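Commentary on secondary and tertiary structure
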Amino acid sequence: MRIIPAIDIIDGKCVRLSKGDYNTKIIYNENPLEVAKSFEAHGIEYLHLVDLDGAKSSKIVNYKILEQIASQTKLKIDFGGGLKADSDLKIAFESGANQITGGSIAVKNRAIFEKWIAEYGSDKIILGADANNEKVAVSGWLEDSNEDLVPFIQEYQNKGIQYVICTDIAKDGMLEGPSFDLYAKILAQAKGIKLIASGGISTFDELPKLAELGCEGTIIGKAIYEGRISLKQLENYIIG
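The paragraphs below set out a description of the structure included in this document. (Residues numbered from 1 in each chain as written. Predicted model: local features only at pLDDT ≥ 70, side-chain atom pairs only at ≥ 80, totals over all residues. Heavy atoms only, no water.)

1. Observations regarding helix 3 (residues 63-72)
Quick note on the threshold: Residue exposure (1.4 Å probe, protein chains only): buried if accessible area is under 20% of the type maximum, exposed if over 50%, otherwise partly exposed. Starting at the N terminus, helices and strands are each numbered in turn, a helix being any DSSP run of H or I of at least four residues and a strand any DSSP run of E of at least two. Note that the arc is defined by the directions from the helix axis to the C-beta atoms.
Turning to helix 3, its buried residues number three or more, namely Ile65, Leu66 and Ile69. On an axial view of helix 3, the arc spanned by its buried residues comes to 105°, and they lie on one face. Counted as exposed and oriented over 90 degrees from the buried face of helix 3: Lys64 and Ser71.

2. Remarks on the pattern of salt bridges
So the rule is basically this: Counted as salt bridges are all cases of a side-chain nitrogen of Lys or Arg within 4 Å of a carboxyl oxygen of Asp or Glu.
Going through the model one piece at a time under the given rule, you end up with 14 salt bridges. The partner of Asp86 in a salt bridge is Lys115, with the nearest N and O atoms 2.7 Å apart. Placement of Asp86 in helix 4 (residues 86-94) and of Lys115 in helix 6 (residues 110-120) is noted, with a sequence separation of 29 residues between them. Of the charged contacts, one joins Lys135 and Asp148 as a salt bridge, the two residues approaching to 2.8 Å between their closest N and O atoms. Of this pair, Lys135 sits in strand 9 (residues 135-138) while Asp148 sits in strand 10 (residues 143-148); the two residues are 13 residues apart in sequence, bridging distant segments of the chain. Counted as one network, the salt bridges with shared partners bring together Asp86, Lys115 and Glu119.

3. Structural notes on the environment of Ala170
Note on placement: Ala170 falls in the loop between strand 11 (163-167) and helix 8 (180-189). Taking the relative accessible area as the measure of exposure, Ala170 reaches 38% and is therefore partly exposed. For the pair Ala170 and Tyr28, spaced 142 residues apart in the sequence, the C-alpha separation amounts to 22 Å.

4. Details of helix 7 (residues 149-158)
Along helix 7, the positions that sit buried rather than exposed are Leu149, Val150, Phe152, Ile153 and Tyr156. The buried side chains of helix 7 occupy one side of the element, clustering within an arc of 160° when seen end-on. At the C-terminal side of helix 7, Gly160 shows a positive phi close to 110°.

5. Here we look at the packing of aromatic side chains
Formally: To pair, rings of Phe, Tyr and Trp, with the six-membered ring standing in for Trp, must have centres within 6.5 Å; the planes then decide the type, stacked if under 30 degrees apart, edge-to-face if over 60, and tilted in the middle. Look at NZ for Lys and CZ for Arg. If either is within 6 Å of the ring centre and within 35 degrees of the ring normal, a charge sits over the ring.
Enumeration according to the criterion identifies 6 aromatic pairs in this entry. Ring geometry for Tyr28 and Tyr225: centres 5.2 Å apart, planes at 20°, overall stacked. On the criterion of sequence distance, the pair formed by Tyr28 in strand 3 (residues 21-29) and Tyr225 in helix 10 (residues 222-225) is long-range, its members being 197 residues apart. A relative accessible area of 17% means that Tyr225 is categorised as buried. Three or more aromatic residues joined by ring pairs form one cluster here, namely Phe113, Trp116, Phe152 and Tyr156. When the ring centre of Tyr46 is taken as reference, the NZ or CZ atom of Arg2 above it lies at 4.6 Å. The ring of Tyr22 carries Lys56 above its face, with NZ or CZ at 4.2 Å from the centroid.

Structure below.
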């Protein structure tokens, strides 16, 4: 299972929120590049980079930080937050993103998201299916849609999507453990999907359980920043 640490950006700084609430912002580092380099130094190959300013303003904002990290590390970066137009995708890929994640756009403008899958290929486009009570949430989690989570994933699977990042919003940033039951349900019903678990990871012991379920990757944020999971533990897991 791939280990994918997260860096969330507001005002160019590395932050974490709880349950996607901007009022709960904690700044962990003024320098995201420094954080990315520390991940790389521990054998980590992947990074989940989220432009929270972009998610709020519906267009890419922090692409300079993406460019900085992509040009000064070898991390394979999946980038998300506020990608709404063809021009946003162009900027993201030109700035060094390896993959992009589309969340709200996949709900609100299916035609453009399906066009991206066709144009860039399903290895480059990740479906961001973030859930609140098994309903898909959009706009930086500021609103719920009426889309049921599993059918939504299955529908996009039929359109060629391979990778899905699923965050249970109730768990995100709470350090109370991930949604094992939800992930088991998705994997049972959307056969063959490459599911990346996100939200709530709080201890190292949860990682083998997610791997056992069949998750292709897991995104870890606050647990690293709060020292619940050390980079050394992750390094040993990757080597192991």
